[in-house]
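Letter by letter, the chains look like this.
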Amino acid sequence: MMRFYPGCTLSSSARPYGRSIFWVCERLGIEIKELPDWTCCGATSAHALNRDLAYALPARNLAIAHELGDDLVVACSACYSRLKIAQRALENPQTRERVARVLGRPLDGRVQINNILEVLGAQMARIQKEKSKALEGLKVACYYGCLATRIPRIISFDDRENPTMMERLVSAAGATPIEWPAKTSCCGASFSVIHEAIALKMSSQIVEMARRAGADVLVTSCPFCQYNLDWAQWQLKQSHAVPVLFITQLVGLALGGSERELMLGAHLADLDLTPRPPSQAPSPLCSPLPQRGEGMGVRVGERPSPCRGGAGEG
Amino acid sequence: MSAIKHGSVAVVGGGIGGIQAALDLADSGFYVYLIEEGPAIGGRMAQLDKTFPTNDCAMCMLSPKLVEVGRHPNVQILTLASVESLDGQPGNFQITIRQRPRYVDITRCIACGRCIASCVYQEPKFPSEFDVGLGKRKPVYIPFPQAVPLAAVVDPQTCIFFKSGRCPQNCLKACERQALDFTQTERIFTLEVGAVVLAPGFDPSDARVVGEYGFGRYANVLTGPQFERLLSASGPTGGKVVRPSNGQAPKKIAFIQCVGSRDLRHQSYCSAVCCMYATKEAIVAKEHDHQIEPTIFYIDLRAYGKGFENLVKRAKEEHGVRYIRSMVSQVTEIPETKNLLIRYRDESGALREEEFDLVVLAVGMRPSAKGQELARKLGIELNEHGFAKTSPINPVLSTRAGVFVTGAFTGPKDIPETVIQASAAAAAVQALLAQARGTRTQAKHYPEEAVPDGAPRIGVFVCHCGSNIAGVVDVKAVAEYAKKLPGVVHAENVLYTCSQDNLKHMKEVIREKKLNRVVVASCTPRNLAALFQDTIREAGLNKFLFEMVNIREQCSWVHSDQPERATEKAKDLVRMGVAKARQLKPLSVQSVKIAPAALVIGGGLSGMVAALTLAENGFETHLVERRAELGAELQGISRTPEGEDVQRLRTRLLDAVHTHPKIRVYTNTTVREISGFVGNFSTVLDGPDGQERIQHGVVIVATEAYEQKPSAYLYGEDPRVLTQRELLRQPLAGEGAQSRRSLVMIQCVGRDEKRPYCSRICCGEALKNALALLEQDPSCRIYVLYREMISYGFLEDLYRQARERGVIFIRYDEQRPPVVQRVNDQLSVTVRDARLRQEVSIQADLVVLSTGVVPDPYNEELSRLLKVPLDAHGFFVEAHIKLRPVDFASSGIFLCGGSHAPGTISELIAKAQAAAGRAAIVLAKKELEAGGIVATVDQEKCTACLTCLRECPFGAVFINAHGLAEIEAVKCQGCGICAADCPAKAIQLGQFEDAQELSMIEELFRERVSV
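Thresholds applied
- Residue positions within a chain follow its written sequence, with the count starting from 1.
- Just so you know, chain letters begin at A and ligand numbers begin at 1, following the order they were written in.
- Per-residue local features of the predicted model are confined to residues with pLDDT of at least 70, and side-chain atom pairs are confined, for both listing and counting, to 80 or more; whole-chain, interface and lining totals are unaffected and use all residues.
- To obtain the side-chain values, all non-hydrogen atoms of the structure were used and water was disregarded.
- We count a stretch as a helix when DSSP gives it H or I for four or more residues in a row; a strand needs E for two or more, and each element gets its number in order from the N terminus.
- The atom set for the radius of gyration is the C-alpha atoms, and the globule formula is 2.2 Å times the number of residues raised to the power 0.38.
- Each residue gets one of three labels from its accessible area relative to the maximum for its type: buried under 20%, exposed over 50%, partly exposed in between, using a 1.4 Å probe on protein chains only.
- Throughout, a contact is declared for two residues whenever any of their heavy atoms are within 4.5 Å.
- Computed with the Shrake-Rupley method and a 1.4 Å probe, the accessible areas treat only the protein chains shown as cover for residues.
- Should DSSP find at least two bridges between two strands, the strands are taken to pair.
- Angles run from 0 to 180 degrees between N-to-C directions of axes, and those axes are lines fitted to C-alpha atoms, restricted for helices to the stretch in contact.
- pLDDT is a per-residue confidence score from the predictor, ranging from 0 to 100.
- Nine residue types can take part in a nonpolar core, namely buried Ala, Val, Leu, Ile, Met, Phe, Trp, Tyr and Cys, and a core is a set of them joined through side-chain atoms within 4.5 Å.
- Aromatic rings from Phe, Tyr and Trp, with only the six-membered ring used for Trp, were paired whenever their centres fell within 6.5 Å, and each pair was classed as stacked if the ring planes differed by under 30 degrees, edge-to-face if by over 60, and tilted otherwise.
- Note on criteria: charge over ring means Lys NZ or Arg CZ within 6 Å of the ring centre, with the direction from the centre no more than 35 degrees off the ring normal.
- Per the annotation, domain bounds derive from an automatic or database assignment of domains.
- Throughout, the accessible surface (probe 1.4 Å) given up by two parts as they are put together, summed over both, is called the buried area.
- What makes a salt bridge here is a side-chain nitrogen of Lys or Arg within 4 Å of a carboxyl oxygen of Asp or Glu, nothing more.
- Note on terminology: angles under 35 degrees are roughly parallel, angles over 145 are roughly antiparallel, angles of 65 to 115 are roughly perpendicular, and the others are oblique.
- Crossovers are marked right-handed if the path from the first strand over the helix to the second runs clockwise, as seen with the strands pointing away from the viewer.

Student: Help me understand the overall build of chain B, please; the structure alone is not making it clear to me.
Tutor: The helix and strand inventory of chain B stands at 25 helices and 52 strands. For 1011 residues, the compact-globule formula gives about 30 Å, and the C-alpha radius of gyration of chain B, at 31 Å, lands near that figure. When its C-alpha atoms are laid out on the principal axes, chain B stretches across 100 × 80 × 60 Å. Classification of the 1011 residues of chain B by burial places 61% in the buried group. Considering only intrachain contacts with a sequence separation of at least 6, the fraction spanning at least 24 residues in chain B is 70%. Carbon and sulfur atoms form 50% of the exposed surface of chain B, whose accessible area is close to 40000 Å².

Structure representation (structure tokens):
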């Protein structure tokens, strides 16, 4: 059993994410319960103002989890990164002592912090086996955002510059992940609140790149990213929007979840999940996905053609 | 140290470093086991298209060395071999080798390629290691066309027979030599050697770890080594530069420098060669396709070596290569076109985005993984970067006695530095095993040479080469044709002329039919001419009575689609060969005794090191210095950039040199005249006690380069403006000490059109001094004003440390140098910061100038005395900038020190050891061969016009007592320039005389004699 840390958005503006996470976990037999008495991780606000505050806020949640003796699973990229950074900081005894005093409780950061993608990734075989044909032919651009795999000085759960966890999940779910260059570009994050023009430009560029690469739908694991990409299209009133789903919504669809159960009606931009005809030049990844150690270029995983056997050249 | 000294050496690594060390050792009387991991020697240099700074063809330079190693009687090449363990002590080691099976018998394989053609894989399928994954190969393959040994190899990882046990094995059936042998197994054996030289090379940095550039994801992003393969005529596209995504020619190519280097996430050091190799690749790409527009994105442009600056200038001015000083943070692929988008800042600071068709990542050098494994097995320590740990004052000695390390294994470096270190290692081995010289090598004994008399009696052997030649050319018809040619008394077909049984047969035929000329029509003389010459010599014939006709590479292989015409051509070629054979004369080779002593001119660091190395090898050395004392230029330097105590080194060297019984030191002495030739020089020295004549076999020029005294920035007008060397001599505190609260260092002082070259050592010196000053007084503020920060290799660490300790680095443009003024007795330095694009004014207590080095003015005199060339800047010109950096073109004369080029103390030590080692090879021979293919002047025809004397690159021509030109056979290299240019046709080159060459041409145009 794992403790789920939702963070502020997953119960509010990103409730579809929270809902679909619970649905998929139940469906796959992953037991998760919400972390009791959880509080805000501090996100960007705390670390912009005061370092100890930025440690203390996530540390409190780590303490709760540690006292319960449970592992954590986190979905929001910001929450995930703040918890990881706090955990690293708490390895230093002076920092740990100082922050413990601030919180007024003993601190131990030794908790396993899992990203939702890792948890789903462990269920790849089961998803593969139990998926329906719901997503067949759908071309999916997987968007990680800037933070999930690139937390400074923290070992990433996937390749920093070219993560492929979501692509593999999408593949297992029966859809077709596509290769595209903006998968770890920044969406603008909180600038969509404080300086819209910037976030609009950054997010719309990402959506445009996905569209040009031939995506039918964008999928992401971070609530802010989902909001920004969704909002940008809605603001710009783009026709033929590229729907932006949460990874658990997509996987949920493949596993038989209904639109209502997965809260697919709560998106800003129009949601049309029918695969578009291949008029643009998409570049679907061959399966298996590129591995390190193989030749060059995108087309990897070529198998040698069967040998001729029998009468060879004499 | 063992009392037993084996006269054999194990050299591990078959790249240019291992090859050079092997040749040096084999030539000086040691038996060498050259142990190579892969199926052929050649290493990374074989994969290059061209080399900087001359843009010479890499294979053209390397291939002769490969051939030389391949047929050297004192070298045994062991391929597919690796070292398991090393036991014993210096002089008496037991080295255990594991040799993987090739599954091909290299004594039988003739590299005809039939096994490859008949392989069950119709098309090559597996990434080719040689083509860095760009090209493909089959499980059975020949590593590259010029490979030595030239033989096929089977890769058990990809061969169907090994993977599944079920394969029709067409290769076995196709081979006409029964050379394939799938029953071969791994061998483990132990060799006795006296010393070990490790030259395992480097691995290119893995571009995949710098994921933001998209290597491995984006089709049109390549690494430098891959691009090199695209440029190579022997590469996967035959030298056409194309985009991998669609095979079209790219127009705009971007090079991104420092990929994996100068990067705390990967390698913190600078890989030392990438700025230059990118420049080279950009120029060569443009030469292949004029449409190409290369752009190089860089941080600092490190063009610090001899000739580097020049190449960059040509790249900018003649070839239009664009250099943009902006590091690229990300490469984005455009989905529709697969072009790449790069964002950068231009000189004005504006952010720009540009689209490119192809991106080349200039990846750096990592320590060789196999090399590190080797180090672990042999108990060799590695440094913090994972390269072999060496001492800066003993750059080729590993941490284990008797085991030497060279080349890129000790740190990133280019080919000349590698060759220098290889020769230095060989010199050290020679010294270690001096008494065992010649004990493991074999001299061959031949029967007495018969003097040919009467008319030519020519034997012609026409080779089938299996079906390589016979499959296209009608060899029987060619042999029949040859029988009818004038002078031919014997002509036959042979299945394989190079086989042992045929060689035996040839000797019998020579004796029976009393042949006095032999013509073999088969493959390239590159391969086997020496073998055949040796064979006929064994039969008592002078080895120059031999002519080889190439009807394979130059006939059957290139005209395989026109067999009739190929046969006619083969007949023509044989007719020409026979015509020349009729004119061949025996050439004699004499032995000339050598004077086993050396003259070292210049008693600085390099001269002392060279003299000691020679003395340790057991040779008398005369060390001549025109100043009053040795090592004068080392005075005042406290530490090397790596932290070694220079004064302690100087003292040790002085002691050693003055007390060594084999070294005679002459101070206050100059060279008055030098005459003679390699092995027999005669020199008059002019000293305080009068003149003295000495005899010696070799000369080493070891003059140094000196800090130039500047004439700018108030130097000489204000005592607070110093050079870097003067700074070191200043007292730090107390009387005479100056305040150094605020210190401004100015780099590149005095560089202008007249002296444009980079002096290589100044940035390292400045960094070292800055850090030393901060050690003493952490509160002092240091500013370094520079153009490019030349902290190559491990010096990069010093640069980073300096920045971390608060040294402020301000880059200025060449066109807008700093200005030093005195205002109210306060020194003030004003400079335009090129990055901020603003003027900055600094109040300075001290201004320290890095003025660069200039060669010793005495070089002019030496150049005249020795008849060796100087370049435009006063440095000596070596025989070849890449592969013979410490040799002069004239035999027997070597160079080192700052007279060759500027270098750090560590680099100069290696160079001096290398020059001494190369000189020792000559002295070790006791006798030199003179004659053979040399030119001679007909004294009747010579008019002493001096053309040949001026043209000879080797200084082999002199004017004799009769006032006519004469050629010193020992110095002559047989190049033929004099013979070609003599206006009176007074010079003939042996084996290529006018009559011989003309006879071939006449035969070609005569009517054919039809069969």
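Student: What exactly am I supposed to notice about the sheet that holds strand β3 (residues 71-74) of chain A here?
Tutor: Two orientations exist for strands paired in a sheet by backbone hydrogen bonds: parallel and antiparallel. All names here are of chain A. With parallel pairing, the four strands of this open sheet are ordered in space as β2-β1-β3-β4. The open sheet has two edge strands, β2 (32-34) and β4 (113-115), and neither has a second partner. Neighbour to neighbour, the strand axes of the sheet diverge by 35° on average, direction disregarded. The sheet contacts of helix α5 (residues 77-89) involve β1 (2-5), β3 and β4, and relative to β4 the element is tilted by about 155°.

Student: How should I be thinking about the environment of B:Pro416 in this particular structure?
Tutor: Relative to the helices and strands, B:Pro416 is located in helix α10 (residues 415-432). Setting aside residues up to four positions removed in sequence, B:Pro416 forms contacts with B:Ile881, B:Lys882 and B:Pro885.

Student: Whenever I open this one, the confidence of the model for chain B confuses me. Can you help?
Tutor: Low-pLDDT portions of the prediction should not be read for the details of their coordinates. With 98% of its residues at a pLDDT of at least 70, chain B reaches an overall mean of 93. The ipTM, which scores confidence in the relative placement of chains, is 0.82 for this predicted complex, and the corresponding pTM is 0.88.

Student: Can you walk me through the environment of A:Met1 in this structure?
Tutor: All names here are of chain A. In this fold, Met1 is placed in the segment before β1. What makes Met1 partly exposed here is its relative accessible area of 41%. Along the backbone, Met1 and Leu72 are 71 residues apart, and their C-alpha atoms lie at a distance of 9.3 Å.

Student: So what exactly am I meant to see when it comes to the nonpolar core here?
Tutor: Nonpolar side chains in soluble globular proteins tend to end up buried together. All names here are of chain B. With 89 residues, the main nonpolar core has Leu605, Leu614 and Ile700 as its most contacted residues. At 13 residues, helix α22 (residues 905-924) tops the list of elements feeding residues into this core. Those residues in contact with Ile700, other than ones at most four positions away along the chain, are Leu599, Val600, Ile601, Ala610, Leu614, Phe894, Cys896, Ala915, Ala916 and Ala919. Counting residues in hydrophobic clusters, the runner-up holds 85 residues, among them Val210, Tyr213, Leu767 and Leu771.

Student: I tried to follow the environment of A:Leu120 on my own but got confused; where do I start?
Tutor: Residues and elements named next belong to chain A. Mapped onto the fold, Leu120 is located in helix α7 (residues 116-121). Counting along the chain gives 92 residues from Leu120 to Leu28, while the straight-line C-alpha distance between them is 9.1 Å. Excluding residues within four positions of it along the chain, Leu120 makes contact with Val24, Leu28, Ile127, Leu169, Ile247 and Thr248.

Student: Just checking my understanding: could you explain the packing of aromatic side chains for this structure?
Tutor: The geometry of two aromatic rings is summed up by the distance between their centres and the angle between their planes. Tallied over the entire structure, the rule returns 29 aromatic pairs over all chains. Between A:Tyr5 and A:Trp38, the ring centres sit 5.6 Å apart and the planes meet at 70°, which makes this aromatic pair edge-to-face. Of this pair, A:Tyr5 sits in strand β1 while A:Trp38 sits in the loop between β2 and α3 (43-49), and the two are 33 residues apart along the sequence. By relative accessible area, A:Tyr5 is classed as buried at 0%. For the pair B:Tyr103 and B:Phe162, a centre-to-centre distance of 4.4 Å together with 45° between the ring planes defines the contact as tilted. Taken as a pair, B:Tyr103 in the loop between β7 (92-99) and α3 (114-118) and B:Phe162 in helix α4 (residues 160-164) lie far apart in primary sequence, 59 residues in all. For B:Tyr103, a relative accessible area of 9% puts it in the buried group. Of the aromatic side chains, those joined through ring pairs into one cluster are B:Phe52, B:Tyr304, B:Phe308 and B:Tyr792. Geometry around B:Tyr496 places B:Arg177 over its ring, the cationic atom sitting 4.0 Å from the centre.

Student: Sorry if this is basic, but what is going on with the domain arrangement of chain A here?
Tutor: Frequently, the measure chosen for interface size is the accessible area removed from exposure when the parts meet. Residue and element names in this part refer to chain A. With domains assigned, chain A is organised as domain 1 (2-116) and domain 2 (131-266). Its C-alpha centre places domain 1 at a distance of 23 Å from the equivalent point of domain 2. Across the boundary between the two partners, domain 1 contributes 24 residues, which contact 24 residues of domain 2. Interface area, domain 1 with domain 2, both sides summed: about 2000 Å², of which 73% is carbon and sulfur. Between domain 1 and domain 2 we count zero salt bridges in total.

Student: What is the right way to read the packing of helix α11 (residues 196-212) of chain A against helix α12 (residues 223-235) of chain A from this model?
Tutor: For any two helices packed against each other, one specifies the inter-axial angle together with the distance between the axes. All names here are of chain A. Put simply, α11 and α12 touch, their axes get as near as 8 Å, and they point 95° apart. When the interaxial angle is binned, α11 and α12 end up roughly perpendicular. Together, Glu196, Ala199, Leu200, Ser203, Ser204, Ile206, Val207 and Arg211 of α11 and Asn228, Leu229, Trp231, Ala232, Gln233 and Gln235 of α12 make up the contact between the two elements.

Student: It is not clear to me how the side chain of B:Asn859 should be interpreted in this structure. Could you clarify?
Tutor: All names here are of chain B. Relative to the assigned elements, Asn859 resides in helix α21 (residues 859-866). In this structure Asn859 comes out as buried when scored by relative accessible area, which is 1%. Non-local contacts of Asn859, meaning those with residues more than four positions away in its chain, are made with Thr703, Leu870, Gly874, Phe876 and Ser899.

Student: Would you mind showing me how to read the pairing of strand β26 (residues 488-494) of chain B here?
Tutor: Taken residue by residue, a regular strand's side chains alternate between the two faces of the sheet. Where burial is concerned, most of β26(B) is hidden: five out of the seven residues are buried. Handedness of the crossover is the feature at issue here: the chain leaves strand β25 (residues 458-463) of chain B, passes through helix α11 (residues 475-483) of chain B, returns alongside β26(B), and the resulting connection is right-handed.

Student: Explain the pairing of strand β45 (residues 846-849) of chain B to me, please; I cannot follow it from the model alone.
Tutor: All names here are of chain B. Residue alternation in β45 divides its side chains into two sets, Leu846 and Val848 and Val847 and Leu849, and both sets are buried. Here three bridges tie strand β38 (residues 721-723) to β45, and the two strands are oriented parallel to one another. Within β45, the position partnered with Thr723 by the bridge is Leu849. In the sheet, strand β39 (residues 742-746) pairs with β45 via four bridges, with the strands oriented parallel. Within the sheet, the bridge partner assigned to Ile746 lies in β45 and is Leu849.

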